[in-house]
Each structure stands twice: as C-alpha cells, then as structure tokens.
Amino acid sequence: MKLQRNNRLRASVLGALVVSGALVLTACGSDDNTTKDNASGTAKASAPAAGDVKCDGAKGQLLASGSSAQKNAVDQWVKNYMAACSGVEVNYKASSSGEGVVSFNKGTVGFAGSDSALKPEQVEDSKKICTGGQGINLPMVGGPIAIGFNVAGVDKLTLDAPTLAAIFNDKIKKWDDEAIKKLNPGVTLPGTAIQAFHRSDDSGTTENLTKYLKATAPDAWTYDAAKKWPAPGGQAAGSSADVAAQVKAADGAIGYFELSYASSQKIKTVDINTGAGTPVAATGENASKAIAAAKVVGTGSDLALKLDYATKTEGAYPIVLVTYEVVCDKGNKAETLSTVKSFLNYTASDAGQKALSEIGYAPIPAEINAKVRAVIATLS
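Residues numbered from 1 in each chain as written. Predicted model: local features only at pLDDT ≥ 70, side-chain atom pairs only at ≥ 80, totals over all residues. Heavy atoms only, no water.

**Focus on the overall build of the chain**
The condition is simple: Helix and strand labels come from DSSP, where a helix needs a run of H or I of at least four residues and a strand needs a run of E of at least two; each type is numbered from the N terminus. We call a residue buried when its accessible area falls under 20% of the maximum for its residue type, exposed when it is over 50%, and partly exposed in between, using a 1.4 Å probe and counting protein chains only. The contact definition used throughout considers only heavy atoms, calling two residues in contact when any of these lie within 4.5 Å. Calculation of accessible area relied on Shrake-Rupley with a 1.4 Å probe; when residues are assessed, cover is drawn exclusively from the protein chains displayed.
Assigned secondary structure in the chain consists of 13 helices and 13 strands. Per-residue burial for the chain yields a buried fraction of 51% across its 380 residues. Pairs at least 24 apart in sequence give 74% of the contacts found in the chain among residues at least 6 apart. With the model as given, the accessible surface of the chain reaches about 16,400 Å², and the carbon-plus-sulfur share is 54%.

Right, dumping it as structure tokens:
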C-alpha cells in the first residue's frame with residue numbers, strides 16, 4: 001500500500017511538472033495581443049458552441065503563416081477550433097504577408113495570410129504548387145489600421161491624410177507643428193520631437209497605409225503604394241507587435257498597426273479627419289462602414305477586393321485592411337485539404353466572424369462572406 005501511495009504521489013508530482021512546464025513554454029512562446037477585458041484581463045471573444053465548428057474529417061497538423069495584422073484573430077480562431085476538433089493542430093506563424101506568400105508558393109504551408117491580394121507574378125508562381133489550379137484570395141479578416149501615438153499629456157489627437165503623410169515622410173518633426181495644432185484646437189501640444197515608426201519587413205499593413213496616403217494626399221505623399229516602406233526618415237521595427245511596442249515605450253512616438261495591438265497594449269489612437277462632419281475613430285464598427293463599400297475585382301474563385309480609401313462617408317474609418325487567406329483553388333495537398341476546408345469554414349462562419357468584432361476587428365460584409373463560404377466548399 002505504501003509503495004502504491006508513493007507511486008501515485010510521484011505520478012501526481014510529475015504530472016504537475018509537465019503541466020507547469022507546458023504553461024511556461026506557452027507563456028514564453030506566445031505573442032498574445034488579443035483584446036483584454038479591462039476588469040479581468042481575459043479575452044473578450046467567447047468560445048463558439050460545439051455545433052458552430054464542423055471538423056469534417058480534419059486531422060493532423062496544419063501549418064500556415066503570414067500577416068501579423070491578423071494574428072490576434074487567427075489565435076482566437078485556432079483556440080476555438082482546436083477545442084472543438086480533438087487531434088487537430090493548427091499552427092499559424094505570424095511573420096509578414098510577404099513571407100507568408102513566399103512560404104505558400106514554396107508549398108510549406110497549407111494556407112497563407114496576406115493583407116494584400118496576390119500579384120499576377122505570385123499567382124503564376126503558385127501554379128507550381130497548386131497542381132492544375134492556382135492561388136486565390138479569400139477575404140477573411142477586416143479591420144482598421146490604427147495610428148497609435150504616445151505623446152505625454154495628450155489623450156486625444158486628430159490628424160488628416162496630408163498631415164499624416166508629412167509626419168511619416170519626415171517633413172513634420174515636432175508635435176507642436178502648426179499643421180497639427182490647426183487640427184487640434186484646444187489641445188496643448190508639446191514641442192516634443194516626433195519619433196515615427198514603420199515596418200521594416202514586407203508588410204501588407206504598410207501597403208494598405210501607403211495606398212491610403214497615395215489616394216488621399218498625393219501632393220504630400222509622392223511615393224507609390226508598396227509593401228516595403230518607401231519614405232525616408234523614421235525608425236523601423238519588425239512586426240505589428242514590434243511597432244506597437246516601440247510606440248508604447250517612446251514619448252513622442254507614432255506608428256501604425258492593426259487595432260487589436262493598440263487595444264491590448266492600451267495605446268491611444270488617432271482620429272482621422274476625412275472631410276466628413278466629424279473626425280472618425282479607429283473602431284471595428286467604423287472600419288466595417290468603409291469595407292462595406294468594397295468591390296470584388298477578382299475573377300472566378302478569386303475574391304480580391306478593391307477598397308475606397310478616399311471615402312468621406314460619415315463615420316467610415318478610411319485606413320482599413322482586409323486580410324486574405326491564400327489557398328489553392330485546385331491541387332491542395334491531400335493530407336491537409338480536409339483540415340484547410342474545415343478550419344476556413346469555421347473562420348468564415350457566422351460564429352467565426354462574430355469573434356472578430358469581439359476583439360477589435362471588423363467582420364467581412366455578409367454578401368462577400370457568403371461568396372467566401374461558397375468558394376471554400378469547392379476547394380479540391
């Protein structure tokens with residue numbers, strides 16, 4: 001009896017150590033920027049009912065990578081999905097849109113996340129991997145690109161496109177510049193030097209911001225829209241999380257990243273003067289108003305969208321991105337096809353899209369999302 005008790009005790013201790021070790025590894029390896037409840041610190045997004053996730057033959061491990069802007073959304077989806085589908089592991093590596101597409105076209109991931117639609121040359125490259133088919137864009141995550149700022153003593157800030165362009169191309173260097181003061185009557189702005197942070201990698205978030213600046217302030221922003229930061233000056237940081245961390249740490253800082261990074265780290269965000277009656281805050285609801293006007297410009301199964309960055313619709317936040325999940329329309333790997341379809345069916349479901357609005361993103365408009373679900377059903 002004594003031996004049995006000792007064995008049980010050793011097993012109990014070893015089990016506790018294993019669980020403890022797993023928790024430590026999870027904590028060290030995670031980059032969890034999901035929006036937290038202010039009171040409890042827990043994620044606001046709720047787990048789906050069991051019936052909302054259909055595992056449909058999903059099995060084994062599914063690797064994916066790409067956009068860091070959608071990381072918080074994918075993290076929530078993976079958590080919900082894996083809780084419902086035992087024995088399935090979905091591993092999403094948040095790097096950048098450019099890296100994700102490269103990995104997809106090398107055949108090392110089942111799908112990629114990208115904040116911009118595939119270019120023609122990328123589609124051509126994908127045909128080597130998608131046997132008998134090609135890579136297509138499925139819009140899955142919408143959201144505002146927040147302009148985060150950290151200026152001591154300033155809690156609310158309004159900027160417009162020309163002023164943003166001048167800040168990010170190193171033309172405006174102090175926070176008490178007349179152009180900024182004019183947009184913020186009654187706000188005491190210090191003479192602190194501006195520290196503008198941008199992404200160092202190929203980023204769809206960068207491309208969407210530069211598309212906005214090019215469309216709305218062409219005289220002040222003379223650079224082409226690009227994934228690689230095109231303007232002089234400023235300071236570079238790796239991912240959305242890195243830019244957010246730099247902004248949070250430095251007085252006088254300004255940078256851009258998906259809203260959930262601002263929310264999770266309690267970084268103040270700029271309201272945008274679009275020329276409408278009232279400056280527009282960066283919220284999921286306001287981003288949805290802008291995304292609702294998007295047009296499908298892809299052909300066949302491809303659902304690439306064209307966004308209206310110059311919108312002046314009341315309450316529409318104009319600096320938005322749509323993140324695509326890039327998949328093969330035909331020629332997916334047999335060992336991961338069922339899992340890809342099952343996982344994406346959940347992310348495009350009503351429950352999956354509802355989870356977005358709970359953590360600071362914007363659901364894809366229902367009409368477009370219905371087309372996404374129809375395409376997912378045809379993947380082969």
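Once the structure has been displayed, the description carries forward.
**Points about the packing of helix H5 (residues 161-168) against helix H7 (residues 204-216)**
When two helices pack together, their arrangement is captured by the angle between the axes and the distance separating the axes. As a reminder, the rule being used: A fitted line through C-alpha atoms serves as each axis, taken over the contacting stretch for helices, and the angle formed by two N-to-C directions is quoted from 0 to 180°. By definition in this entry, angles of less than 35 degrees are roughly parallel, angles greater than 145 are roughly antiparallel, angles of 65 to 115 are roughly perpendicular, and the rest are oblique. In this scheme, a crossing is called left-handed if the near helix is turned counterclockwise away from the far one by less than a right angle; it is called right-handed if the turn is clockwise. Nonpolar residues are Ala, Val, Leu, Ile, Met, Phe, Trp, Tyr, Cys and Pro. Charged residues are Asp, Glu, Lys and Arg, and all others, Gly as well, are polar.
Between H5 and H7, whose axes approach to 9 Å, the crossing angle comes to 125°. The angle between H5 and H7 falls in the class oblique. Read as a crossing pair, H5 and H7 show a hand that is left-handed. Residue-level inspection shows Ala161, Leu164 and Ala165 of H5 in contact with H7, the latter providing Tyr212, Leu213 and Thr216. Partitioning the contact of H5 with H7 into residue classes produces five nonpolar, one polar and no charged.

**Digging into the pairing of strand E13 (residues 320-328)**
For clarity, the cut-off: Strands are labelled as partners when DSSP assigns at least two bridges between them.
For E13, the buried fraction is high: nine of the nine residues fall into the buried class. Neither face of E13 is exposed, since Val320, Val322, Tyr324, Val326 and Cys328 on one face and Leu321, Thr323, Glu325 and Val327 on the opposite face are all buried. Pairing analysis gives three bridges linking strand E3 (residues 111-114) to E13, with the strands arranged antiparallel. The partner of Gly113 across the bridge, within E13, is Glu325. Both strand E4 (residues 135-150) and E13 contribute to a ladder of nine bridges, which runs antiparallel. Bridging across to E13, Gly143 finds its partner in Leu321.

**Re the nonpolar core**
For soluble globular proteins, nonpolar side chains are generally found buried alongside one another. Keep this limit in mind: Buried Ala, Val, Leu, Ile, Met, Phe, Trp, Tyr and Cys residues form a nonpolar core when they are joined through side-chain atoms within 4.5 Å.
Counting 65 residues, the largest nonpolar core has Ile147, Leu164, Ile180, Tyr212, Ile254 and Ile319 as its most contacted members. Broken down by element, the residue count for this core peaks at six residues, all from H5. Apart from the residues lying within four places of it in its own chain, the contact partners of Ile147 are Leu164, Leu209, Ile254, Gly255, Tyr256, Lys268, Thr269, Val270, Tyr317 and Ile319. Listed in part, the 34 residues of the second largest apolar core include Leu344, Ala355, Ile359 and Tyr361.

**Notes on the packing of aromatic side chains**
Our working rule: Each Phe, Tyr or Trp ring, with Trp reduced to its six-membered ring, pairs with another whose centre is within 6.5 Å; inter-plane angles below 30 degrees give stacked pairs, above 60 give edge-to-face pairs, and intermediate values give tilted ones.
Scanning all chains against the criterion turns up seven aromatic pairs. Between Trp229 and Tyr256, the aromatic rings sit 5.7 Å apart at their centres with planes inclined by 20°, giving stacked as the arrangement. Of this pair, Trp229 sits in the loop between H7 and strand E7 (235-237) while Tyr256 is found in strand E8 (residues 253-258), placing the two residues 27 residues apart along the sequence. Taken together, the ring pairs in this structure connect Phe168, Trp221, Tyr223, Trp229 and Tyr256 into an aromatic cluster.

**A short note on the pairing of strand E6 (residues 195-199)**
Of all five residues making up E6, four are buried, and the element is well covered by its neighbours. The pairing of E6 with E8 spans two bridges and is classified as parallel. In the strand pairing of E8, Ala196 is matched with Ile254. With three bridges connecting them, E6 and E7 associate as parallel partners. Considered in E7, the bridge of Arg199 is made with Ala237.

**Quick word on the side chain of Asn369**
With respect to the element layout, Asn369 can be found in helix H13 (residues 366-378). A relative accessible area of 4% means that Asn369 is categorised as buried. Sequence-distant contacts of Asn369, that is, excluding residues within four places in its chain, are made with Ala348, Gln353 and Ile364.

**As for the environment of Ser203**
To keep things clear, this is the line we draw: Contacts described as polar in this section are N or O atom pairs within 3.5 Å, which, within protein, must combine one atom able to donate a hydrogen with one able to accept it, while residues neighboring in sequence count only if both atoms come from side chains.
Note that Ser203 resides in the loop between E6 and H7. On the basis of relative accessible area, Ser203 is assigned to the buried category, the value being 1%. For the pair Ser203 and Ala69, spaced 134 residues apart in sequence, the C-alpha to C-alpha distance is 9.1 Å. Polar side-chain contacts of Ser203 include one of 3.0 Å to the backbone nitrogen of Thr205.

**Points about helix H8 (residues 240-249)**
Put simply, the rule reads: Working definition: the arc comes from the directions between the helix axis and the C-beta atoms, pointing outward to the latter.
Looking only at H8, the buried set comprises Ser240, Ala241, Val243, Ala244 and Val247. Along H8, the residues classed as buried sweep out an arc of 160° about the axis, all on the same side. Those residues of H8 that are buried lie in contact with E4, E6, H7, E7, E8 and helix H9 (259-265).

**Looking at the pattern of salt bridges**
A side chain with one charge can pair with a side chain of the opposite charge if their charged atoms come near. We count it as follows: When a carboxyl oxygen of Asp or Glu is within 4 Å of a side-chain nitrogen of Lys or Arg, the pair counts as a salt bridge.
Taken as a whole and assessed by the stated rule, the structure comprises ten salt bridges. The salt bridge involving Lys127 is made with Glu124; its shortest N-O contact spans 3.4 Å. For Lys127, a relative accessible area of 38% translates into the label partly exposed.

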